Structure formats: structure tokens, C-alpha cells
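Remarks on the overall topology
Spelled out from the first residue to the last, the chains are:
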Amino acid sequence: MSGPRAGVPLIEAEDVAMHFRVGSALSALVGGRPALVRAVDGVSLTLMRGESVGLLGESGCGKTTMGRLLLRLLRPSAGRIRFDGEDIAALSGAGLRRFRARAQMIFQNPFEALNPRFTIAAALAEPLENAGIPRAEWAGRIERAMELVRLPDPGQFLARRPHQLSGGQLQRVVMARALLLDPDFVVADEPVSMLDVSVRAGVLNVFREVRARLGLTAIYISHDLALVRYVCERTVVMYLGRVVEDGPTEAMIEDPLHPYTRALVAAVPTPDPDQSHAPLPIGRGAPDARNPPSGCRFRDRCPLAHDRCAAEAPRPTRIGARTVYCHLHG
Ligand code: SF4
């Protein structure tokens with residue numbers, strides 16, 4: 001994004017945590033205590049206006065929870081999130097409605113995101129009605145949003161129900177729905193993971209185009225570094241509820257600093273042998289989030305772990321435009 005407001009933070013998350021209590025009814029009956037899952041545990045993140053940031057990590061790393069916290073779909077257990085300077089936890093009434101319009105989610109599963117009983121027209125009218133947009137504006141807004149996601153002939157789609165559209169068309173409708181209220185910020189949660197491989201590139205291209213055309217600030221949540229590389233200039237890598245590395249995507253791929261990032265980068269196929277990295281043997285599957293290791297949470301899987309890693313959680317070290325959380329660097 002260029003222009004007078006670029007370089008100004010839109011989102012500022014400070015030391016945000018989200019802890020869930022989990023426990024089965026059976027364990028409660030026998031006097032067992034519910035376990036505490038620290039899904040997000042002390043994440044600080046600033047997004048400048050117009051920035052596109054990938055939240056990357058394995059399943060269970062906290063990336064989807066973080067996305068939901070930024071949209072106030074969840075309330076954090078600790079920490080603060082500011083949107084355009086305002087604490088989103090303090091919003092209510094008209095202020096909250098304005099925030100809801102400006103900050104939108106593109107859901108992972110287009111087959112679940114739309115009510116199967118609604119026509120596409122009804123699905124698109126619903127957020128406009130809820131936001132109190134005058135009915136006279138609906139057709140114009142729907143037409144513009146459909147054109148943005150490259151479904152330029154809305155008449156073809158509006159009377160149909162979700163099952164009458166292909167997965168790719170449906171995900172574009174979900175994207176159009178998120179654009180109807182002219183948001184500044186979108187969180188896209190693995191938006192192509194449920195789609196056939198053959199249509200993923202088309203949907204990703206639409207996402208990229210729309211973001212650039214509207215100057216949107218975006219979070220793209222994924223476990224796939226290749227997809228994040230395609231749509232985001234900056235990447236934040238998460239592991240077991242914490243950030244482990246944050247920086248420009250290309251620099252991170254060329255020279256990953258954190259051992260976990262190194263393992264993720266090594267898993268991405270590259271045609272250029274100079275760009276490939278020796279794989280790190282980290283094994284599969286993150287440890288139990290209810291009982292994370294002391295010190296560095298990655299230490300159980302890190303082949304470079306040493307004594308300090310068990311005793312002390314790494315603090316952020318700034319290296320150029322990058323931030324890394326690892327004792328090897330600070
Ligand atoms: Fe590995 Fe230690 Fe760095 Fe953690 S702090 S990533 S265990 S070297």
C-alpha cells in the first residue's frame with residue numbers, strides 16, 4: 001500500500017494470551033482437574049496498514065486462535081489488542097458494529113461458511129442487513145464485491161444455492177461476502193485448504209489481487225510455507241502458542257534463523273539447489289499443548305537444544321528486519 005496512511009499500524013497486539021480449560025465430564029466426576037491449554041501464550045504482533053502477513057505453523061500452534069482474537073471472535077485471557085488505536089475489548093454498541101464491518105474473516109471451509117438453505121443472494125444480503133446498510137445500496141455493493149472476486153456476472157449465481165456452485169466459485173462468494181462492508185482488515189484462515197488443487201491457484205490469485213487493489217491489511221493463516229510465500233511479504237512463524245520467528249518472507253526462506261523455521265523451509269520443494277537447506281530431523285507432531293516443555297517450547301524436537309534451552313524461554317532478538325526467539329541468536 002502506498003499513500004499517506006501506509007507505515008501506520010492498524011493492529012497492535014501486546015502480550016496476548018488465550019488459555020482454555022479442557023477436561024472431560026468423566027474426569028470431573030472422579031475429581032480430576034481440567035487441564036489448561038495455552039493456545040496462545042504471550043504473542044505480540046504489529047501489522048502496518050496494507051501489510052500482508054502469513055501466520056504459519058503446524059496444527060495446534062495457535063495460529064487460528066490468534067486470528068480469531070484479532071477479530072474479537074474470542075476474548076483474550078490476557079494482553080491487549082488495539083485496532084486503529086482503540087482497544088477492541090472495550091468496544092460495544094456502535095463502536096463494535098463499526099469494528100465488525102472493518103475487520104472480516106474469510107473462513108476455511110466454504111461449504112460450511114454459507115447456509116445451505118440460503119440462496120447466494122440471501123447469503124450476501126445478510127451482512128448488509130445486519131450492518132444496517134440501506135437496501136438501496138445492496139445491489140451496487142454486491143455487484144462490486146462479485147466483480148472484485150472475478151464473478152462478474154452475479155445474475156448467474158445469485159439465485160443458486162451453495163451446492164449448485166463449484167468449490168472455487170463458493171470460496172469466491174465467501175470472499176465477496178467479506179468485502180461487502182468495505183473492510184480494512186481481513187483474516188483468511190487456510191482459505192484454499194478445502195479446495196481441489198486445480199482451483200487453488202485461481203482463488204489465491206483473486207485474494208492477492210483484491211488485497212492489492214483495496215490496500216487491505218491481511219493475515220493469511222496456513223501450515224504451508226509455499227502458499228504463504230505466494231501471498232505474504234512478511235511471515236510470523238508460531239510454535240505451541242508462541243512466535244518463534246517474524247520477518248520478511250523471502251529473507252526467511254533464504255536464511256531461516258530459527259531451527260523450526262529451518263525445518264519448515266527445508267520441507268518446501270525448490271527448483272534452485274542453491275536455495276535448498278539441509279533438512280533438520282525434528283520428527284513429526286508437536287508435544288501436548290497441555291503440558292509444554294519448560295524453557296524453549298521447541299526443545300523436545302530441536303536437534304540443537306542445549307542446557308540453557310530447558311532453563312530459560314528465549315527472548316526476542318532483532319537481526320535486521322527479523323525477530324527470532326532462540327538462544328542460538330541471543
Ligand atoms: Fe533449539 Fe534452544 Fe533455539 Fe529452542 S532455544 S530453538 S531448543 S536451540
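Residues numbered from 1 in each chain as written. Predicted model: local features only at pLDDT ≥ 70, side-chain atom pairs only at ≥ 80, totals over all residues. Heavy atoms only, no water.

1. As for helix α2 (residues 63-70)
Helical geometry: 3.6 residues make up each α-helical turn, so side chains three or four residues apart lie on a common side. For α2, a buried count of six out of eight residues is recorded, marking the element as mostly surrounded by other parts of the structure. Within the sequence span of α2, burial applies to K63, T65, M66, G67, L69 and L70. In the stretch just after α2, R72 is the one whose phi turns positive, near 55°. (Buried < 20%, exposed > 50% of the residue type's maximum accessible area, 1.4 Å probe, protein only. Helix = DSSP H or I, 4+ residues; strand = E, 2+ residues; numbered from the N terminus.)

2. Things to note about the side chain of R82
Within the secondary structure, R82 sits in strand β4 (residues 78-83). Judged by relative accessible area, R82 falls into the buried class, the value being 19%. At a separation of 3.2 Å, a polar atom in the side chain of R82 contacts the side chain of E14. Filtering out sequence-adjacent residues up to four positions away, R82 remains in contact with L10, I11, E12, E14 and D87. (Polar contact = N/O pair within 3.5 Å; in protein donor to acceptor, adjacent residues only side chain to side chain. Contact = heavy atoms within 4.5 Å.)

3. Describing the pairing of strand β8 (residues 217-222)
Among the six residues in β8, six count as buried, and that is most of the element. Side chains T217, I219 and I221 of β8 all project onto a buried face; the interleaved residues A218, Y220 and S222 project onto the opposite face, where all are buried too. Pairing analysis gives five bridges linking strand β7 (residues 185-189) to β8, with the strands arranged parallel. In the sheet register, V186 faces β8, and the bridge partner there is A218. (Pairing = 2+ DSSP bridges.)

4. Overview of the environment of L124
Inspection of the secondary structure puts L124 in helix α5 (residues 120-130). A relative accessible area of 1% places L124 in the buried class. When the C-alpha atoms of L124 and V174 are compared, they prove to be 8.8 Å apart, with 50 residues separating the residues in sequence. With near-sequence residues (within four places) excluded, L124 lies in contact with I142, M146, L158, V173, A176, R177 and L180.

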